[in-house]
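In case you want the letters, here they are:
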Amino acid sequence: MKIVIRLPEQPDVVIRLDARKTLDGNILIQDHPYMDIILSPKNKKIIALSKVLMDDRAYYTQSKFFDYLYKRGAIDASTVQAGNIYASLEATIPEKQPDGPEPIEVILFCIFKYFREE
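The rules behind these values
- Residues numbered from 1 in each chain as written.
- Predicted model: local features only at pLDDT ≥ 70, side-chain atom pairs only at ≥ 80, totals over all residues.
- Heavy atoms only, no water.
- Salt bridge = Lys/Arg side-chain N within 4 Å of Asp/Glu carboxyl O.
- Helix = DSSP H or I, 4+ residues; strand = E, 2+ residues; numbered from the N terminus.
- Buried < 20%, exposed > 50% of the residue type's maximum accessible area, 1.4 Å probe, protein only.
- Core = buried A, V, L, I, M, F, W, Y, C linked by side-chain atoms within 4.5 Å.
- Contact = heavy atoms within 4.5 Å.
- pLDDT = per-residue confidence, 0-100.
- Pairing = 2+ DSSP bridges.
- Axes fitted to C-alpha atoms, helices over the stretch in contact; angles between N-to-C directions.

### Quick look at the pattern of salt bridges
This structure, assessed with the given rule, holds six salt bridges. The salt bridge partner of glutamate 118 is lysine 64, with a shortest N-O separation of 3.2 Å. Placement of the pair is glutamate 118 in the segment after α2 (103-117) and lysine 64 in helix α1 (residues 56-71), with a sequence separation of 54 residues. A relative accessible area of 44% means that glutamate 118 is categorised as partly exposed. Judged by its relative accessible area of 35%, lysine 64 is partly exposed.

Spelled out as structure tokens, the structure:
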């Protein structure tokens, strides 16, 4: 399934991710070998789920991912916490500011850049 984000003008950047849109409107990103990422616009959450059994690499990767988002200003570090799913971490997606960019688009772009740097 293709996820298309419509912008009023020609986009400056086009990104490609192995992503699916779920029936409840979440975006599931499966590019990383150790974790899957779920963006839930309705619940304002971003969740990193471990693909492998819980070990040091899975937690380290999830922690590093949320640290990356925090350092780019995409999330507030104080909202990162253990999720209600085993071996997961989650953070809150910030509210859109009146003169700011769309938070989901910023997070998708940061995820794309994280995967390219990783």
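### Points about the nonpolar core
Ile29, Leu39, Ile46, Phe65, Phe66 and Ile111 are the most contacted members of the largest nonpolar core, which totals 24 residues. Sorting the residues of this core by element identifies β2 (27-29), β3 (35-40), β4 (45-50), α1, β6 (88-92) and α2 as the ones contributing at least two each. In terms of residues, this core owes the most to one element, α2, which gives seven residues. Setting aside chain neighbours within four positions, we find phenylalanine 65 in contact with Met35, Ile37, Ile46, Ile111 and Tyr114.

### Description of the environment of lysine 21
Relative to the helices and strands, lysine 21 resides in strand β1 (residues 19-21). Owing to a relative accessible area of 42%, lysine 21 belongs among the partly exposed residues under this scheme. Counting along the chain gives 17 residues from lysine 21 to isoleucine 38, while the straight-line C-alpha distance between them is 9.6 Å.

### Section: the confidence of the model for the protein
Summary statistics for the protein give a mean pLDDT of 87 and a share of 89% for residues scoring 70 or more. Across the protein, β2 holds the top mean pLDDT of 95, while α1 sits lowest at 89.

### Points about the sheet that holds β4
Strand order in the open sheet formed by six strands is β1-β2-β3-β4-β6-β5, and the pairing between neighbours is antiparallel. The open sheet terminates on both sides in strands that have one partner only, identified here as β1 and β5 (81-82). Bridge count for β5 against β6 is two bridges, and the pairing is antiparallel. Residue pairing for β6: glutamine 81 is matched across the bridge by glutamate 90. In the packing of α1 onto the sheet, contacts are made with β3, β4 and β6, and the angle to β4 comes to roughly 155°. In this fold α2 packs onto β2, β3 and β4, with an angle of close to 170° to the strand it touches most, β3.

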